[in-house]
Structure formats: structure tokens, C-alpha cells
Amino acid sequence: MAKDPVCGMGVKEGQICSTYEDKKYCFCSKTCKESFDKDPAKYVKSEGKKKSGCC
Ligand SMILES: [Zn+2]
């Protein structure tokens, strides 16, 4: 069971999915997918992997 990163609902994989940074995310509806595609970074938080501000 995958988790819809937009609304947090549990969703079945393989229906409405999107790939972002080599990871697959699945959604409960097209609406959620559209929101995600608009601004994936908003919904995907790489926890504990903060890059330092320096180059
Ligand atoms: Zn959703």
C-alpha cells in the first residue's frame, strides 16, 4: 500500500502514479496527482537529508 503524499490517504499502487526524483508516488485521484505535479517538492520532504547551503 502506497501513501498519497498530497492528502495522506492510503492508495493502491499502479493506478494514478507519478515519478519524482526516481521515486514513485501514487495518488487517490487525478486532482491529487495534479497538485503533486505542480509542486512535487512541496509534498516530498527528504527527511533528515538536508543539504547544507554551501555549494
Ligand atoms: Zn489524495
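Everything quoted here is computed from the prediction, not taken from an experiment. (Residues numbered from 1 in each chain as written. Predicted model: local features only at pLDDT ≥ 70, side-chain atom pairs only at ≥ 80, totals over all residues.)

1. Quick notes on the overall build of the protein
- Within the protein, the secondary structure is distributed over two helices and four strands.
- Helices and strands in the protein line up, N terminus first, as β-β-β-β-α-α.
- For the protein, buried positions account for 13% of its 55 residues.
- Partitioning the intrachain contacts of the protein with sequence separation of at least 6 by distance along the chain shows that 27% fall at a separation of at least 24. (Helix = DSSP H or I, 4+ residues; strand = E, 2+ residues; numbered from the N terminus. Buried ≥ 20, exposed ≤ 12 C-beta atoms within 10 Å, placed from the backbone. Contact = placed C-beta atoms within 7 Å.)

2. Let's talk about unusual backbone geometry
- The backbone phi angle of Glu21 is positive, close to 50 degrees, even though this residue is not glycine.
- Mapped onto the elements, Glu21 comes out in the loop between strand S3 (16-20) and strand S4 (23-27).
- In this model, Asp22 sits at a positive phi of 65 degrees, which is unusual for a non-glycine residue.
- Within the secondary structure, Asp22 is located in the loop between S3 and S4.

3. A word on the pairing of S3
- Judged from the five bridges that link them, S3 and S4 form a sheet pairing that is antiparallel. Within S4, the residue paired with Cys17 across the bridge is Cys26.
- Counted between consecutive antiparallel strands, the loop separating S3 from S4 contains two residues, among which Glu21 sits at a positive phi close to 50 degrees. (Pairing = 2+ DSSP bridges.)

4. Points about the environment of Tyr43
- For Tyr43, the location among the structural elements is in helix H2 (residues 40-43).
- Residues Tyr43 and Cys7 lie 36 residues apart in sequence; the distance between their C-alpha atoms is 9.4 Å.
- Apart from the residues lying within four places of it in its own chain, the contact partners of Tyr43 are Pro5, Val6 and Phe36.

5. Section: the confidence of the model for the protein
- Scored by pLDDT, the protein comes out at a mean of 86, with 82% of its residues at no less than 70.
- The secondary structure element of the protein with the lowest average pLDDT is strand S1 (residues 2-3), at 88, and the one with the highest is helix H1 (residues 30-38), at 96. (pLDDT = per-residue confidence, 0-100.)

6. A few points about the environment of Glu21
- Residue Glu21 is classed as exposed on the basis of its C-beta count, with 9 C-beta atoms lying within 10 Å.
- Considered as a pair, Glu21 and Val44 are 23 residues apart in the sequence and their alpha carbons are 9.7 Å apart.

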